[in-house]
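Observations on the model geometry
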Amino acid sequence: MRFLARVEVRLRPGIADPEGATIERALPAMGFDGVASVSAGRAFRVEIDASDLSAAQSIAASLADRLLANPVIEESIIEVAPL
Amino acid sequence: MAGTIGVVVFPGTNCEHDAVSAVETLGGSARLVFHTETSLDDLDGIILPGGFAHGDYLRPGAIARFSPIMGAVSAFAAAGGPVVGICNGFQVLCEAHLLPGALQKNRGLSFLCQPATLVVASTGSILTSGATVGQRLEIPINHFSGSYTCDVETLRILEDEDRIVLRYATNPNGSIADIAGIANGPGNVVGLMPHPERAVSELLGSSDGAVLLRSLLDAASVAA
């Protein structure tokens, strides 16, 4: 079966986020009032062939931890669903 | 006997010839090592030079750490061989877990290419053994992701074990504790963001990098 893993990588709490802060400062100048905070991260879509959902989840968790995120400063949120 | 320094070249590395030239200027010998090689047996010291290994895709160093040569670099480091990562090479060493922590985008998101004043904080590493604590060195920086970061516990260990080897006199990038360079526990693996290989001749504006690279050459001579 083929699954789609959506992996969101974001900075751990407490790690400085100069990209998010820069975007956040730009928004009021564009007329967006009411934006309380912005944090920057990145998202990946990974298609995985696996026998079942839990196998696909396990592969996604492993590749997120070993490559997509740097656990020293980042954490990942993973959603896996059948395609 | 003087040792030979291996300068590792990944796709996208661009400071390898500067590194070889600097080593030769100081009387040492060096050869380029391509990232697909798997042996460092003929070498006595290693430099991971600056650039954009594998395009810096994903994160600087994230792909390079899986290059075939990195297994040999890890074994070389574990055996006590001198290893120095400069700029992108520092990022590779952190991604490969040969050094703790990580390099983040600079505070202010500026690409910095300018002289920096460094202060030698420890002489207990193969890169700073010939310097003196408190010595000020003018060495250029050239980076976008040079803000060193680590957790509080790691910072405490680095400070307690005297492994912060170089600090910025004036912090240019938001690096935690003004860190410009750190070492591993035994002091044989060092990473730094500034470029000592670009500061070995007064013609280039400074020769203050020479004391650092001479220390590396001395360590490589002992290893040879």
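Here the structure is a predicted model, which means the values were calculated and not measured.

Right, let's get into the overall build of chain A. Along chain A, the regular secondary structure elements total two helices and three strands. Secondary structure elements in chain A, listed N-terminal to C-terminal, are β-α-β-α-β. In terms of C-alpha radius of gyration, chain A reaches 16 Å, well past the compact-globule figure of 12 Å for 83 residues. For chain A, the spread of C-alpha atoms along the principal axes amounts to about 50 × 25 × 15 Å. Classification of the 83 residues of chain A by burial places 17% in the buried group. Restricting to contacts in chain A with at least 6 residues of sequence separation, those with at least 24 account for 67%.

As a further point, take the overall build of chain B. Counting secondary structure elements, chain B contains five helices and eleven strands. In summary, chain B has a C-alpha radius of gyration of 15 Å against a globular reference of 17 Å for 224 residues, a match within 12%. In terms of its C-alpha atoms, chain B occupies a principal-axis envelope of roughly 40 × 35 × 35 Å. The proportion of buried residues among the 224 residues of chain B is 57%. When contacts within chain B are restricted to residue pairs at least 6 apart in sequence, long-range pairs at least 24 apart make up 75% of them.

Residues and elements named next belong to chain B. Strand order in this open sheet of nine strands is S2-S1-S3-S4-S11-S10-S9-S6-S7, and the pairing throughout is mixed. Strand pairing shows two members of the sheet lacking a second neighbour, strand S2 (29–34) and strand S7 (136–143), which therefore form its edges. Each neighbouring strand pair of the sheet contributes to a mean axis angle of 25°, computed without reference to strand direction. Two elements, strand S4 (residues 83–86) and strand S11 (residues 189–192), share four bridges in a ladder whose sense is parallel. Looking at the pairing, Val83 lines up with Val189 of S11. Contacting strand S1 (4–9), S2 and strand S3 (45–48), helix H1 (residues 16–25) crosses the sheet at an angle of about 160° to S2.

As a further point, take the sheet that holds strand S1 (residues 2–11) of chain A. All names here are of chain A. Taken in spatial order, the three strands of this open sheet run S2-S1-S3, and their pairing is antiparallel. The open sheet has two edge strands with one neighbour each: strand S2 (41–49) and strand S3 (74–82). Strand-to-strand twist of the sheet, defined as the mean angle between neighbouring strand axes without regard to direction, takes the value 20°. In this sheet, S2 lies alongside S1 in antiparallel orientation, the contact comprising nine bridges. Across the sheet, the residue bridging to Ala5 is Val46, located in S2.

What follows covers the interface of chain A and chain B. Contacts between the two partners involve nine residues from chain A, matched on the other side by twelve residues from chain B. Among the residues making up the side of chain A that touches chain B, the classes are represented as six nonpolar, two polar and one charged.

Attention now goes to the nonpolar core. In this structure, Val7, Ile46, Leu93 and Leu216 of chain B are the most contacted members of the largest nonpolar core, which totals 75 residues. For Leu216 of chain B, the residues in contact, after removing those within four places along its chain, are Gly45, Pro82, Val84, Ile126 and Leu127 of chain B. Within the second largest apolar cluster, nine residues are counted, among which are Val7, Leu68, Ala69 and Val80 of chain A.

Residue and element names in this part refer to chain B. Within the element layout of this structure, Ala224 appears in the segment after helix H5 (210–223). Look at Ala224 and you get exposed, because 12 C-beta atoms sit within 10 Å. Between the C-alpha atom of Ala224 and that of Gly3, which follows or precedes it by 221 residues, the distance is 5.0 Å.

What follows concerns the environment of Phe76 of chain B. Residues and elements named next belong to chain B. Relative to the helices and strands, Phe76 resides in helix H2 (residues 69–78). Overall, the presence of 24 C-beta atoms within 10 Å leaves Phe76 in the buried class. Each residue touching Phe76, except ones within four places of it in the same chain, is listed here: Leu40, Ile46, Gly81 and Val83.

Now for H1 of chain B. Residue and element names in this part refer to chain B. For H1, the complete set of buried residues consists of Glu16, Ala19, Val20, Ala22 and Val23. One face of H1 carries all of its buried residues, which in axial projection span an arc of 160°. Considering only its buried residues, H1 is in contact with S1, S2, S3 and H5.

On to the pairing of S1 of chain B. The buried count for S1 of chain B comes to five of six residues, which makes it a mostly enclosed element. Between the parallel pair S1 of chain B and S2 of chain B, the chain is carried across by H1 of chain B, and the sense of this crossover is right-handed.

Residue and element names in this part refer to chain B. With a phi close to 55°, Ala177 is a non-glycine residue in the positive phi region. Considering the arrangement of structural elements, one finds Ala177 in the loop between strand S9 (164–168) and strand S10 (179–183). Even without glycine at this site, Asp178 takes up a positive phi of about 60°. Its location among the elements puts Asp178 in the loop between S9 and S10.

Thresholds applied
Residues numbered from 1 in each chain as written. Chains lettered and ligands numbered in written order. Predicted model: local features only at pLDDT ≥ 70, side-chain atom pairs only at ≥ 80, totals over all residues. Helix = DSSP H or I, 4+ residues; strand = E, 2+ residues; numbered from the N terminus. Rg over C-alpha atoms; globule rule 2.2 N^0.38 Å. Buried ≥ 20, exposed ≤ 12 C-beta atoms within 10 Å, placed from the backbone. Contact = placed C-beta atoms within 7 Å. Pairing = 2+ DSSP bridges. Axes fitted to C-alpha atoms, helices over the stretch in contact; angles between N-to-C directions. Nonpolar A, V, L, I, M, F, W, Y, C, P; charged D, E, K, R; others polar. Core = buried A, V, L, I, M, F, W, Y, C linked by C-beta atoms within 7 Å. Arc of directions from axis to C-beta. Right-handed = clockwise from strand over helix to strand, strands pointing away.

So, to be careful, I would describe these as geometric facts and stop short of saying anything about function.
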